[in-house]
Each structure stands twice: as C-alpha cells, then as structure tokens.
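Observations on the three-dimensional arrangement
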Amino acid sequence: MLTKKCVLLFSGKGSNIENLINNQASLNGKLKYVAAFTNNSNAKGIDICSDNDIEVTISDQEELNFNLKKFLSKHKPDLIILAGYMKILPDDIVDKYAGKIINIHPSLLPKYPGLNTYEKVLKNNDLFHGATIHYVDTTLDGGPVILQGKFKIRKKLSIKELEYLTHKVEHKIYPIVVKWIADDLVTVENNIIQFNDKDIHSPITYIVDDLNI
Ligand code: GAR
C-alpha cells in the first residue's frame, strides 16, 4: 500500500488541522500528514503541529509564494489541505497541483465566498448555514464542491455562536473528505467530482441536526 503524502496549510487557530490530526488513525495509514506551512508566525496551529511532530515552515510575507513553492517542491504532496489558510494561492501553484488541493470555507458555497461570512448570514436572516469542502481552482473560494455540511439556524444567534456551530460542522466534514481521498473514493476530473468512479454534479450534503448551543 502506498501512503499518500499530505501537507497542511494554515494561518490561524488551527482547530481544523488539530481535528484532522486527531482523526488520523481512521485513515489506516493510507494518508500521512508530513509537513505544514503557515504565513503567520503567531498561529496557534504551529504548536499543534509541533506537539504532533509535524514540521512547520513559517514564511514571511515578502517571500511567501516563493517559499511555498519551495516547500511544495520539497515534499511533493499527493494532497494539499488548506485549513484556514487566508492567502490566495497564485495561479501557477493551483495549476501545478491541480486536483490535489482542497479547501474548507465557512459557508454554503457559492454563497458568501471571501471574508465576513457570518456577518452576511446573520444580516440576511438565512435559515440555513454550513461549511463547504472543495477542490481549489484559481477563483476565490472556487472549485468543484466535494461535500457540504448544512444546518438549520433555529434561533437568533450572535456571530460567535454561529462561528462555533460552523466549526462543529467543519470538524465533522473535513475528516470525512480526507478519508474519502485516502481511500481513493473521491477525485476530480475535468472539474467534475468523481465519487466511486461516478460523476457527481451537485454537492453531496451532510445535514447536521445534532448541534447545541
Ligand atoms: C475555518 O472556519 C475555515 O473554514 C476558514 O477559516 C477558519 C479556520 O479555522 N477558512 C476560510 O475562510 C477560507 N476562505 P481554524 O484555524 O480553527 O481551522
């Protein structure tokens, strides 16, 4: 069995990378987190990686994409996981690693790409919210969607509460997708998601109905 090499890119708190690392046993050795990269020397995720013996490359802003390219060339990953990596990847990186980069975003894309998602959801009184995992293309938070976790907003929430619930959903769905990829269940061909060798034209949705605030 070949073990897929995966790298983690993050900018902040790192709750998603921590959750993925904690779920690593479920991958049965088919995928391993070999290294991590961050643009933020104060990111909490750095300690999480160090505690788990995952080497982290910390880059300054000026040389960011140069350093990222060097990092990727060194590790030759089969999968690049963006987990709160708040920088736009340059097109040449996206092209070189096409079909190997996935991202999580705290909205039901294509709704609300970019920043300030929670504010927008609450302002619009949305009835549903959630998170999306997608392959990355060269557009902002764009690319074929693999899985969405969706929940009903049952009462008036603060931004913090909505963020808390969304993170709970993210922590449910990211390990699922990584396991699918580790097991070769999910790939992308010509911008279309393939699940178990079948084309998937609308996102797979996980309805989460056990959230408590
Ligand atoms: C997550 O909510 C993730 O969806 C978001 O950053 C947060 C990182 O949290 N990503 C984006 O907004 C990408 N456009 P974490 O550092 O605790 O994993």
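Structure first, text after, so check above.
Residues numbered from 1 in each chain as written. Predicted model: local features only at pLDDT ≥ 70, side-chain atom pairs only at ≥ 80, totals over all residues. Heavy atoms only, no water.

Glancing now at the layout of surface pockets. In this approach, a probe sized like a water molecule rolls over the atoms, and the result shows the empty space that is left. Its boundaries defined by the atoms lining it, the largest pocket holds a volume of some 930 Å³. Every residue lining the largest pocket is counted, 40 residues in all, and those nearest its centre are Gly 84, Tyr 85, Met 86, His 105 and Pro 106. Going through the elements one at a time, helix 1 (15–22), strand 5 (101–105), helix 5 (117–123) and helix 6 (159–182) are the ones with two or more residues in the lining of the largest pocket. Counting residues per element, the lining of the largest pocket draws most heavily on helix 6, at four residues. (1 Å grid on protein atoms, 1.4 Å probe; cavity = no way out; pocket = protein on both sides within 12 Å on 5 of 7 lines; lining within 4 Å. Points joined across faces, edges and corners; volume = space filled by probe spheres on them. Helix = DSSP H or I, 4+ residues; strand = E, 2+ residues; numbered from the N terminus.)

Relative to the helices and strands, Asp 141 resides in the loop between strand 6 (128–135) and strand 7 (145–152). Buried charge Asp 141 goes without a salt bridge, the closest partner of opposite sign being Lys 120 at 8.4 Å. At 3.3 Å, the side chain of Asp 141 forms a polar contact with the side chain of Asn 103. A distance of 2.7 Å separates a polar atom in the side chain of Asp 141 from the backbone nitrogen of Gly 114. The residues contacting Asp 141, other than those within four sequence positions of it, are Asn 103, His 105, Leu 109, Pro 113, Gly 114 and His 134. (Buried < 20%, exposed > 50% of the residue type's maximum accessible area, 1.4 Å probe, protein only. Lys, Arg positive; Asp, Glu negative; His and termini not counted. Salt bridge = Lys/Arg side-chain N within 4 Å of Asp/Glu carboxyl O. Polar contact = N/O pair within 3.5 Å; in protein donor to acceptor, adjacent residues only side chain to side chain. Contact = heavy atoms within 4.5 Å.)

This part covers the site of the ligand. Taken together, Lys 13, Gly 14, Ser 15, Asn 16, Gly 84, Met 86, Ile 104, His 105, Pro 106, Asp 141, His 167 and Glu 170 are the residues near the ligand. The separation between an oxygen atom of the ligand and a polar side-chain atom of His 167 is 3.3 Å. Computed on the free molecule, the ligand has an accessible area of 450 Å², of which 88% lies beneath the protein chains in the complex. Broken down by secondary-structure element, the contributors of at least two residues to the shell around the ligand are helix 1, strand 5 and helix 6. The class makeup of the residues in the shell around the ligand is three nonpolar, six polar and three charged. (Near = heavy atom within 4 Å. Areas by Shrake-Rupley, 256 points an atom, 1.4 Å probe, with all protein chains shown as cover. Nonpolar A, V, L, I, M, F, W, Y, C, P; charged D, E, K, R; others polar.)

Our focus in this paragraph is the sheet that holds strand 9 (residues 192–195). Reading across the sheet, the three strands line up as 8-9-10 and stay open at both edges, with antiparallel pairing between neighbours. Each having just a single partner strand, strand 8 (186–189) and strand 10 (198–200) make up the two edges of the open sheet. Taken pair by pair, the neighbouring strands of this sheet meet at an average axis angle of 40°, ignoring direction. With three bridges joining them, strand 9 and strand 10 adopt antiparallel strand pairing. Within strand 10, the position partnered with Gln 194 by the bridge is Asp 199. (Pairing = 2+ DSSP bridges. Axes fitted to C-alpha atoms, helices over the stretch in contact; angles between N-to-C directions.)

Our focus in this paragraph is helix 3 (residues 64–75). Between its first and last C-alpha, helix 3 extends 17 Å over 12 residues, near the 16 Å set by a 1.5 Å rise per residue. For helix 3, the full list of buried residues reads Leu 64, Asn 67, Leu 68, Phe 71, Leu 72 and His 75. Buried residues along helix 3 cover an arc of 135° about the axis, so they all sit on one side. Structural note: helix 3 exposes Phe 66, Lys 70 and Lys 74 on the side pointing more than 90 degrees away from its buried face. Turning to helix 3, the residues buried within the fold contact strand 1 (4–10), strand 2 (31–38), strand 3 (55–58), strand 4 (79–82) and helix 4 (91–96). (Expected span 1.5 Å × (residues − 1). Arc of directions from axis to C-beta.)

Residue position: Pro 144 is located in the loop between strand 6 and strand 7. On the accessibility criterion, Pro 144 (13% relative accessible area) is buried. Sequence separation of Pro 144 and His 201 is 57 residues, and the distance between their C-alpha atoms is 9.1 Å. Those residues in contact with Pro 144, other than ones at most four positions away along the chain, are His 134, Tyr 135, Val 188, Asn 191 and Ile 193.

Once that is clear, we can look at the packing of helix 1 against helix 6. Each pair of packed helices can be summarised by the angle the axes make with each other and by the distance between the axes. Contact pair helix 1 / helix 6: the axes reach a minimum separation of 9 Å and the direction vectors enclose 45°. Overall, the two elements helix 1 and helix 6 adopt an arrangement that is oblique. Handedness of the crossing formed by helix 1 with helix 6: right-handed. On helix 6, the residues that touch Ser 15, Asn 16, Asn 19 and Leu 20 of helix 1 are His 167, Glu 170, His 171, Tyr 174, Pro 175 and Val 178. Residues of the contact of helix 1 with helix 6, tallied by class, amount to four nonpolar, five polar and one charged. (Parallel < 35°, antiparallel > 145°, perpendicular 65-115°, else oblique. Left-handed = near helix turned anticlockwise from the far one by under 90°.)

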